[in-house]
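This is what each chain is made of:
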Amino acid sequence: MTREASNIKTVYIFDADGVVIEPWGFANALESDHNITRAMTDEFFSREFHACLVGEADLRTKLTPYLPNWTWQGSIDELIRLWHESEDLPRPSILLLVHELRSSGHICCLASNQEAERADYIRHHMGFSQIFDHLFFSCDLGATKPDRKFYESITSTLNCSPENITFWDDTEQHVIGACNAGWNAYLYESEESLHLPSN
């Protein structure tokens, strides 16, 4: 269920991995349980993955050719299941804050660089479609943070002024991109780094 933002003074937007969700669950699981290091997976994530993030390519098609070099012993389905389940680590304190903000009448959104399958998992299996008013994913927007299009598409959908948006992300370049688009953006380093305007 979504609400219009035009009558809300402050819209709060949260990044997913690193803010609402504990980061690096998949990378840690690959390394600790399967001896697949970040160095082994870097080529895929630094090159092929971007097309998946902007909705231009299918994850399974792009990822499958890399599995032999990763020495992955299972199927592509098993790998994606591990990916989703190992990163199903929401931070309860942040979810409580979102609940409190929404109960006070504020719009709360998630804005994240995600490919389609994990976006669907976050939306439905993690239940975030019921926790947030809007879920904004790069695969749907056709742009990733820090591309200006990412932020401007969200501002347009919310139908509010960019200065009425407060945003947290754990990546400095994403924060800079949001500020350049007119948002009030802050680097998330801990829960204490959350800046909550009084309105």
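Below is a summary of the structure that appears in this document. These numbers were taken from a predicted model, which means no experiment stands behind them. (Residues numbered from 1 in each chain as written. Predicted model: local features only at pLDDT ≥ 70, side-chain atom pairs only at ≥ 80, totals over all residues. Heavy atoms only, no water.)

### Quick look at the packing of aromatic side chains
Next up, step 1: Evaluated as defined, the whole model comprises 17 aromatic pairs.
Next up, step 2: Ring centres of Phe 44 and Phe 45 lie 5.0 Å apart, and the angle between their planes is 75 degrees; this geometry places the pair in the edge-to-face category.
Next up, step 3: The exposure class of Phe 45 is partly exposed, given its relative accessible area of 29%.
Next up, step 4: When the ring of Phe 128 is compared with that of Phe 132, the centres are 5.5 Å apart and the planes differ by 50 degrees; the resulting orientation is tilted. (Phe/Tyr/Trp six-rings, centres within 6.5 Å; stacked < 30°, edge-to-face > 60°. Buried < 20%, exposed > 50% of the residue type's maximum accessible area, 1.4 Å probe, protein only.)

### A few points about the environment of Leu 135
Next up, step 1: In this fold, Leu 135 is placed in strand 3 (residues 134-137).
Next up, step 2: Each C-alpha atom, one on Leu 135 and one on Cys 108, is 9.1 Å from the other, the two residues being 27 residues apart in sequence.
Next up, step 3: Sequence-distant contacts of Leu 135, that is, excluding residues within four places in its chain, are made with Leu 110, Arg 123, Phe 128 and Ser 129. (Helix = DSSP H or I, 4+ residues; strand = E, 2+ residues; numbered from the N terminus. Contact = heavy atoms within 4.5 Å.)

### Observations concerning the pairing of strand 2 (residues 107-112)
Next up, step 1: The element strand 2 is largely enclosed, with a buried count of six among its six residues.
Next up, step 2: Here strand 2 shows a buried face lined by Ile 107, Cys 109 and Ala 111 and a second buried face lined by Cys 108, Leu 110 and Ser 112.
Next up, step 3: Pairing of strand 1 (residues 11-14) with strand 2, which is carried by four bridges, proceeds in the parallel orientation. Looking at strand 2, one finds that Tyr 12 is bridged to Cys 108.
Next up, step 4: Across four bridges, strand 2 lies against strand 3 in parallel orientation. When the bridges of strand 3 are listed, Ser 112 appears paired with Phe 137. (Pairing = 2+ DSSP bridges.)

### Considerations on the nonpolar core
Next up, step 1: Counting residues in each nonpolar core, the largest one holds 25 residues, and the members touching the most others are Phe 14, Val 20, Leu 110, Phe 128 and Phe 132.
Next up, step 2: Of all the secondary-structure elements, those providing two or more residues to this core are strand 1, helix 6 (92-103), strand 2, helix 7 (116-125) and strand 3.
Next up, step 3: For this core, the element with the most residues is helix 6, which contributes five residues.
Next up, step 4: Of all hydrophobic cores here, the second largest spans 21 residues; its members include Phe 26, Ala 29, Leu 59 and Trp 72. (Core = buried A, V, L, I, M, F, W, Y, C linked by side-chain atoms within 4.5 Å.)

### Focus on the side chain of Asp 169
Next up, step 1: Inspection of the secondary structure puts Asp 169 in strand 4 (residues 165-169).
Next up, step 2: Judged by relative accessible area, which is 0%, Asp 169 ranks as buried.
Next up, step 3: A polar side-chain atom of Asp 169 sits 2.7 Å from a polar atom in the side chain of Lys 145.
Next up, step 4: Ignoring sequence-local partners within four residues, the contact set of Asp 169 consists of Asp 15, Val 19, Lys 145, His 174, Val 175, Tyr 186, Leu 187 and Tyr 188. (Polar contact = N/O pair within 3.5 Å; in protein donor to acceptor, adjacent residues only side chain to side chain.)

### A few points about the sheet that holds strand 1
Next up, step 1: What the five strands build is an open sheet, ordered 3-2-1-4-5; its pairing is parallel. Among the strands making up the open sheet, the edge pair consists of strand 3 and strand 5 (184-187). Neighbour-to-neighbour, the strand axes of the sheet open up by a mean angle of 20 degrees, direction not taken into account.
Next up, step 2: Across four bridges, the pairing between strand 1 and strand 4 is parallel. Looking across to strand 4, one finds that Ile 13 is bridged to Phe 167.
Next up, step 3: Sheet strands in contact with helix 11 (residues 172-180) are strand 4 and strand 5, and its direction is about 170 degrees off that of strand 5. (Axes fitted to C-alpha atoms, helices over the stretch in contact; angles between N-to-C directions.)

### Things to note about the pattern of salt bridges
Next up, step 1: As enumerated under the stated definition, the model contains 13 salt bridges in all.
Next up, step 2: In this structure, Glu 117 and Arg 60 form a salt bridge, with 2.7 Å as the shortest nitrogen-oxygen distance. In this pair, Glu 117 is assigned in helix 7 and Arg 60 in helix 3 (residues 59-63), connecting sequence segments 57 residues apart.
Next up, step 3: Glu 117 gets classed as partly exposed once you look at its relative accessible area, which sits at 22%.
Next up, step 4: Looking at Arg 60, the relative accessible area reads 27%, which means it is partly exposed.
Next up, step 5: Each member of the salt-bridge network shares a partner with another, and the members are Asp 15, Lys 145 and Asp 169. (Salt bridge = Lys/Arg side-chain N within 4 Å of Asp/Glu carboxyl O.)

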